[in-house]
Amino acid sequence: MLTAEFWVAVAFVAFLAIVWRVGGFSMMTSGLDNRAKRVRHELDEARRLREEAAAVLADYKRRRAEAEKEAEAIVANAREDAERLAAEGHARLNEFVARRTKAAEAKIAQAEAQAAAQVRAAAADAAVKVSETLLRERFQGAAAQDLVRASLGDVKSRLQA
């Protein structure tokens, strides 16, 4: 009985008795309980943070969806505006072309009228000269000259009108 193992066992039992008497076991259990409470508190805090992160993520997803909808609306509005502006530009271009065409047609008509008037005037001058020449050849004398002058002036004024 006086072996080393026996004395180690006796010392261990004495140590346990001292620890029990001093309150070491209750301190160990309270330390373990405190650690368990701290771990439980940390787990609760982690759960709360996870729920908060999930709420933030849901809010972010909702805002992102709203932003995407708003972006789509902006793009649709921009597309509509571009189409409207293109249609207005097309209408203005067509109106401009129509005005230019009308102005060109008016200028052409005016040029045709001037050309016709010039042709009539040239024809009248030629007719007057031919008539004057024919009448001079056929009529002789002062009375014939007065008659030719009066008739030619009358013909000239009628042809130019």
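Residues numbered from 1 in each chain as written. Predicted model: local features only at pLDDT ≥ 70, side-chain atom pairs only at ≥ 80, totals over all residues. Heavy atoms only, no water.

The helix and strand tally for the protein chain stands at 3 helices and 0 strands. Taken over 161 residues, the protein chain has a buried fraction of 5%. Of the roughly 13,900 Å² of accessible surface on the protein chain, 62% is carried by carbon and sulfur atoms. (Helix = DSSP H or I, 4+ residues; strand = E, 2+ residues; numbered from the N terminus. Buried < 20%, exposed > 50% of the residue type's maximum accessible area, 1.4 Å probe, protein only. Areas by Shrake-Rupley, 256 points an atom, 1.4 Å probe, with all protein chains shown as cover.)

Moving on, we get to the packing of aromatic side chains. Per the counting criterion, the structure on display carries 1 aromatic pair. Centroid distance Phe6 to Trp7: 5.3 Å. Interplanar angle 70°. Geometry classified as edge-to-face. (Phe/Tyr/Trp six-rings, centres within 6.5 Å; stacked < 30°, edge-to-face > 60°.)

A few words now on the UniProt feature "transmembrane region" (unreviewed entry) in the protein chain. If you check UniProt for "transmembrane region" (unreviewed entry), the listed places come out as residues 6-28 in our numbering. Overall, residues 6-28 shows 96% helix and 0% strand. The separation of its end C-alpha atoms is 27 Å. (UniProt positions renumbered as here; feature names shortened; annotations may be inferred.)

Turning our eyes to something else, we now look at the confidence of the model for the protein chain. Averaged over all residues, the pLDDT of the protein chain equals 87, while 89% of them reach at least 70. The weakest mean pLDDT in the protein chain belongs to helix 3 (residues 142-160) at 69; the strongest belongs to helix 2 (residues 24-138) at 91. (pLDDT = per-residue confidence, 0-100.)

Scanning all chains against the criterion turns up 10 salt bridges. Among the salt bridges present, the one from Glu45 reaches Arg48, with a minimum N-O distance of 2.3 Å. Taken together, the residues Glu45 and Arg48, both in helix 2 and 3 residues apart, mark about one turn of the helix. According to the relative accessible area criterion, Glu45 is partly exposed, its value standing at 30%. Close ionic contact of Glu88 with Arg92 constitutes a salt bridge, the shortest N to O distance being 3.9 Å. Residue Glu88 and its partner Arg92 are located together in helix 2, separated by 4 residues, close to a single helical turn. The partly exposed category is assigned to Glu88, whose relative accessible area is 32%. Through salt bridges that share partners, Asp59, Arg62, Arg63 and Glu66 make up one connected network. (Salt bridge = Lys/Arg side-chain N within 4 Å of Asp/Glu carboxyl O.)

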